[in-house]
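Structural features, examined
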Amino acid sequence: MNGFPALEVEKRRTVPRWLQFIAPIISLVLALVAIGIIFQALGIDPLFAYEEIFNGAFGSSYGFSETVVKSIPLMLTGIGLTLAFRARFWNIGAEGQLLIGATCATGLALAFPDWPRWLIMPLMFIIGFIGGALWGIIPALLKARWRVDEVITSLMLVYIASNLVNYLVYGPWKGPEEMGFPYTSKFSEAAQLPRLSWTRIHYPTLIIGIVIAVVIYLLLTRTKWGYEIRVTGENPSAARYAGMSYLKTLLLVMIISGGLAGLAGVGEVAGIHFRLRYPEGISPGYGFTAIIVAWLARLNPIGAVLTSLLLGGLLVGGDAIQISLGLPGATIFVFNGTILLFVLGGDLFARYRIRVKSKTEG
Amino acid sequence: MSEEVIPVVSMRGIEKRFPGVLANDRVDFEVRPGEIHALLGENGAGKTTLMNILYGIYQPDGGEILIRGESVVIHSPREAIELGIGMVHQHFRLVTSHSVAENIVLGLPGNLFFPEQAAREKIEEFSDRYNLTVDPEARIWQLSAGEQQRVEIIKALYRGAEILIMDEPTSMLTPGEVEDLFTVLRRMANEGNTIIFISHKLDEVMAVSDRVTVLRQGRVEATLETAQTEKRELARLMVGREVLFRIEKNEIKLGEEVLRIEGLHALNDKGLPAISGVSLRIARGEILGIAGVAGNGQRELVETIAGLRPATGGHIFVSGHEITSRSPREIIEKDVCFVPGERLTALVPEMSVTENLILKTYRDQRFIRGLFFNTREINSHADDLIERYAVTTPTRDTPLKLLSGGNIQRVMLARETSGKPALLIAAHPTSGLDVGAIEYIWQLLLKERERGTAVLLVSEDLEEALTLSDRIAVIFEGELMGIVPSVDTDLEEIGLMMAGAHRLPVPEAGE
Ligand SMILES: Nc1ncnc2c1ncn2[C@@H]1O[C@H](COP(=O)(O)OP(=O)(O)OP(=O)(O)O)[C@@H](O)[C@H]1O
Ligand SMILES: [Mg+2]
């Protein structure tokens, strides 16, 4: 290597606080640069594209309200994922848990159209939570009992959930008055969430999300259950040694993680669509985008409130440029994938140090 | 000192400050070419820090380093290697699923394609020259601790190390392996290599080193010719007071039986029998020492008692309750405390000292207020243990991994012995501790005994086992060769039993 400046990579003993904070931001910026290069290759001025995205998401009160609308499911799901990831349980099936939550709440709303709001609304959230939780504990059980890899099982359960929703909306639950669309009938007034004035912001769900962020934060940092989750994630053998039950910890984590994704699903059907629709109509991959929300927040539940807003904005802005620049619908997936890659990579790099070494130093 | 030789390493006025501690305080440290230089000091004295500075892991806050008389700044381990400095860390850093040869060339620049042949030849050359026998084809996980260490040494030599730093190289080795290591080190020194050797074991320092530097609280206390000093003086320099190597053991009337094991069987990690038909009993106020060469089933025995490994046969009773193959939690609730030999299975390095101190007791009612942890109570409990067990840490919230090796051990012992156990299982409780701390731990174990705890002590150090135990059980290939009282023992008999060449009838089995 003589004569050439060389790059050195070293592991850091400790990651300084400022770096922990700044790393995700740098990652995000780098991801945007990389996406910019793709724009350039497509013959679109990246600066213009970003301006469009920003304006679409935050530049108007309508855009901003839509950003908040999209951040609600991302927030709820993302908060749950911070918990799962802290226990090193790679739940990537939140999308399926969300769909099951939506399905359960729909079933209830359709079955009891004449129940009053004070009764039906809480019950919809509760049953949505339970549905998501049950879907979430399947991979936890498989992992704790037979060491089955949760990445595969939780992902496969997404497809099962998605097919179940398809079956229902094309089959038994298809609303007769929906003119052949794969929709269920519209919910009763009582089963529809109130919205903030002219926007689509179903604020009860938003408030639930923010409260839950604080609750989960306290759970994680101030209670013995949170302690068990953190120890299990950091060193499973120490957790076993201390008499912690791996199964119990995973169940707790996935009841909450799956349950919160389920709540997100309830919010979508009861606050946005007022009915169950085909899966892509309910969630454009919120469960997957929430993985980015959780990582960008550095697995901090309160941070997830902020990052969900950011990714909500990206979804809205992405929609805006799809229309104004005539980009294909898959653009947003490229976006998300690139960001996740950079965020995970950034996390890794924060733990290492790169130095340029010139010849004189050696 | 003869001043003609230029020191191969000369560290002058080195200072290193960490939040809350001055780890190195104007340290002057010189090593002559071709010598074995021991670095001694209490836990937290700053030995590892000083060597990490020499190896480029840390940058000093002050002072200068001269290598072969030339002033250098070492920014990274890679630069240290370029200067011919190698380091073998206390915890090996090998990739266990790879072969020996792969591990040795791994990470070398310009080695995009694996130059197998060249590597193998070099490895064989080192093997012959220094008596470092290893099979280049073997996978790391198949090797014993001693063999893995040889791989680490070859790895350093392969990178051109002429100055080899070894941080507590003997703490994981069996006595035989220690002897082999010393042979290797002496040979390397004879060939002109320089070795810096960190150890807490004064016998080893006396046996292998040419000179000794003693650090105390970050400062150099003295640099001495080994031949002109003796253990007692070194101990005094290290600790700053006289250390008693013999300790008082009071007569104790044995109480009722606490641990009873009948015909226990268990498997090791590879699924092969590790414990075969072990039977023993320990009463209140008794210390039973398990003596044996490492790897003869000691680890599997203690793990099976603690519920971390299923028993494949036999029974274990604690205070009259059967606990065979019960969950670790149920066994903890029977007041069984456990200090495992492998520290990392019982600690969470990323978490704070406080969080590690409550690992076993976090469910206690006194630590919980309503739904939440009672932070004030937990903090005062942590402060209390830190003080009582003299843990040196900047704050109770410091991540455990930033403490010195010995202080990490203290955290574990504080946690395990403070809870008034009925049965205390202590595997290698003093490994990595300085003489002062060993004395302290010994007294602690004897205090437990006086309090009426039954203690199962696993130690590879026969002297420790004999000093502390009331009876010694010798284990060989998973079987008890016999149990003998520790007073008036016939050392030769124990030695034969440890080698599997002599067996006593075990009276307890049928009792
Ligand atoms: N990265 C770090 N950050 C903060 N404090 C540190 C760090 N590394 C070491 N220390 C502190 O510096 C002091 C010296 O530690 P060092 O590891 O050098 O001790 P040591 O002599 O090797 O002890 P031992 O025999 O127990 O291994 C200790 O108080 C330790 O807690
Ligand atoms: Mg050390």
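Conventions adopted
- Residues numbered from 1 in each chain as written.
- Chains lettered and ligands numbered in written order.
- Predicted model: local features only at pLDDT ≥ 70, side-chain atom pairs only at ≥ 80, totals over all residues.
- Heavy atoms only, no water.
- Phe/Tyr/Trp six-rings, centres within 6.5 Å; stacked < 30°, edge-to-face > 60°.
- Helix = DSSP H or I, 4+ residues; strand = E, 2+ residues; numbered from the N terminus.
- Lys NZ or Arg CZ within 6 Å of the ring centre and 35° of its normal.
- Axes fitted to C-alpha atoms, helices over the stretch in contact; angles between N-to-C directions.
- Parallel < 35°, antiparallel > 145°, perpendicular 65-115°, else oblique.
- Left-handed = near helix turned anticlockwise from the far one by under 90°.
- Contact = heavy atoms within 4.5 Å.
- Nonpolar A, V, L, I, M, F, W, Y, C, P; charged D, E, K, R; others polar.
- Buried < 20%, exposed > 50% of the residue type's maximum accessible area, 1.4 Å probe, protein only.
- Pairing = 2+ DSSP bridges.
- Near = heavy atom within 4 Å.
- Polar contact = N/O pair within 3.5 Å; in protein donor to acceptor, adjacent residues only side chain to side chain.
- Areas by Shrake-Rupley, 256 points an atom, 1.4 Å probe, with all protein chains shown as cover.

Here we come to the packing of aromatic side chains. Taken as a whole and assessed by the stated rule, the structure comprises 14 aromatic pairs over all chains. When the centroid spacing of 5.9 Å and the interplanar angle of 80 degrees are considered together, the rings of A:Phe39 and A:Tyr50 count as edge-to-face. With a gap of 11 residues between them, A:Phe39 in helix H1 (residues 17-41) and A:Tyr50 in helix H2 (residues 46-58) connect regions that are remote in the sequence. Taken together, the ring pairs in this structure connect A:Phe54, A:Phe58 and A:Phe64 into an aromatic cluster. The ring of B:Phe317 carries the charged tip of B:Arg260 above its face, separated from the ring centre by 4.5 Å.

Residues and elements named next belong to chain A. Running from N to C, helix H4 (residues 94-111) and helix H10 (residues 246-273) cross one another at 55 degrees; their axes reach a closest spacing of 6 Å. Compared by their axis directions, H4 and H10 come out oblique. The two elements H4 and H10 meet at a crossing, and its hand is right-handed. Of H10, the residues touching H4 (which contributes Ala94, Gln97, Leu98, Gly101, Ala102, Ala105 and Thr106) are Met254, Ser257, Gly258, Ala261, Gly262, Ala264, Gly265, Val266 and Val269. When the residues that make up the contact of H4 with H10 are grouped by side-chain class, the tally is nine nonpolar, seven polar and no charged.

Take the side chain of B:Glu303 next. Residues and elements named next belong to chain B. By the secondary structure assignment, glutamate 303 is in helix H9 (residues 298-305). Under the relative-accessibility criterion, glutamate 303 is labelled buried at 11%. In contact with glutamate 303, other than residues within four places in its own chain, are Leu308, Arg309, Phe338 and Glu342.

All names here are of chain B. An order of E16-E19-E20-E13-E21-E22 is seen for the six strands of this open sheet, with the pairing classed as mixed. The strands lining the two open edges of the sheet, one partner per strand, are strand E16 (336-339) and strand E22 (479-485). On average, each strand axis in the sheet is tilted by 15 degrees relative to the strand beside it, whichever way the strands run. Sheet topology note: the strand E13 (residues 287-291)/strand E21 (residues 471-476) ladder contains four bridges and is parallel. Residue isoleucine 290 lies in a different strand from E21, and its bridge partner there is alanine 473. Of the strands in this sheet, E13, strand E19 (423-427) and strand E20 (454-458) touch helix H14 (residues 435-451), which is tilted by about 135 degrees from E13. Its contacts with the sheet place helix H16 (residues 491-498) against E21 and E22, and it is angled at close to 30 degrees to E21.

Here we come to the site of ligand 1. Of all residues adjacent to ligand 1, which total 20 residues, the nearest are B:Gly44, B:Lys47, B:Thr48, B:Thr49 and B:Gly406. More than one chain lines the surroundings of ligand 1; the residues nearby belong to chains A and B. With respect to ligand 1, the side chain of B:Tyr58 contributes an N or O atom lying 3.0 Å from a nitrogen atom. One of the backbone N or O atoms of B:Gly405 is found 3.3 Å from an oxygen atom in ligand 1. Starting from 640 Å² of accessible surface for ligand 1 in isolation, the protein chains cover 94%. At the level of secondary structure, the elements contributing two or more residues to the shell around ligand 1 comprise strand E2 (21-31), helix H1 (47-54) and helix H13 (405-417) of chain B. The dominant element in the shell around ligand 1, judged by the number of residues it contributes, is H1(B), at three residues. Here the shell around ligand 1 is built from residues that sort into seven nonpolar, nine polar and four charged.

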